[in-house]
Amino acid sequence: LATGVHLTTSAAGGPVSMEPVAAVMPVGTIDRRMISFEPATLGAPVVATVQFSLGMAMSDGDAVDLLLVNFTAKRACFSIWSNEGDTFSSAVWDEVSMKLSFPVVGNIAKGADIVIVVPLSAGLQLPSTGIPANTSGIKLSANATDGNAYPETVQNDFINQFSLF
């Protein structure tokens, strides 16, 4: 929680002098959000590579969530690869919320550049209808002790049946 934060207004209904704010919850960010899929075959399993930069530290029990609207997966829980080693080593797919969750084990420093690879064996499948470039159906968010990062769109390429040739 932040300390030393004060609030003042000069509203038409009357000014409010500088008052201390009792508690300010931290807010996290996830920057440079990108995802790619190989092979770009509609309705087929893919390798997904997710890249991002953390604007807050993350610790044991925190998680990064990837919303993947209209995607499917053959497995609910599976191993992944990450440049952070065992800090990100598994993923959990929730078909109802269409979210892939990456739980944090250990600590990750603020500013860390993260690469996560979801392997072909996870059975993650592209939607059979394709995906528009930079769609609002693909978003990253995080639940972190040092501040939650609210869902934001992830940069992605346009993929449809004609992208395959």
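In what follows, the structure referred to is the one given above.
Every value quoted in this text rests on a predicted model; they were computed, and no experiment measured them. (Residues numbered from 1 in each chain as written. Predicted model: local features only at pLDDT ≥ 70, side-chain atom pairs only at ≥ 80, totals over all residues. Heavy atoms only, no water.)

Here's the deal with the nonpolar core
In summary, soluble globular proteins display a tendency toward joint burial of nonpolar side chains. To keep things clear, this is the line we draw: Buried Ala, Val, Leu, Ile, Met, Phe, Trp, Tyr and Cys residues that are joined via side-chain atoms within 4.5 Å together make up what is termed a nonpolar core. For each residue, the accessible area found with a 1.4 Å probe, counting protein chains only, is set against the maximum for its type, and the residue is called buried under 20%, exposed over 50%, and partly exposed in between. Each helix is a run of H or I in the DSSP string that is no shorter than four residues. Each strand is a run of E no shorter than two, and both are numbered from the N terminus. A contact between two residues is defined here by any heavy atoms of the two lying within 4.5 Å.
Counting 39 residues, the largest nonpolar core has Phe 37, Leu 66 and Phe 102 as its most contacted members. At four residues, strand β4 (residues 47-54) tops the list of elements feeding residues into this core. Excluding residues within four positions of it along the chain, Phe 102 makes contact with Asp 62, Ala 63, Val 64, Leu 66, Ile 80, Phe 88, Ser 90, Ala 91, Ile 116 and Val 118.

Comments concerning unusual backbone geometry
Of the consecutive residues Glu 38 and Pro 39, the connecting peptide bond is found in the cis state with omega at -10 degrees. Its identity as a non-glycine residue notwithstanding, Asn 70 has a phi of 70 degrees, on the positive side. The phi dihedral of Met 98 is positive, around 60 degrees, even though this residue is not glycine. Within the secondary structure, Met 98 is located in the loop between β9 (90-94) and β10 (99-103). A residue is classified by how much of its surface remains accessible, and Met 98, at 24% relative accessible area, is partly exposed.

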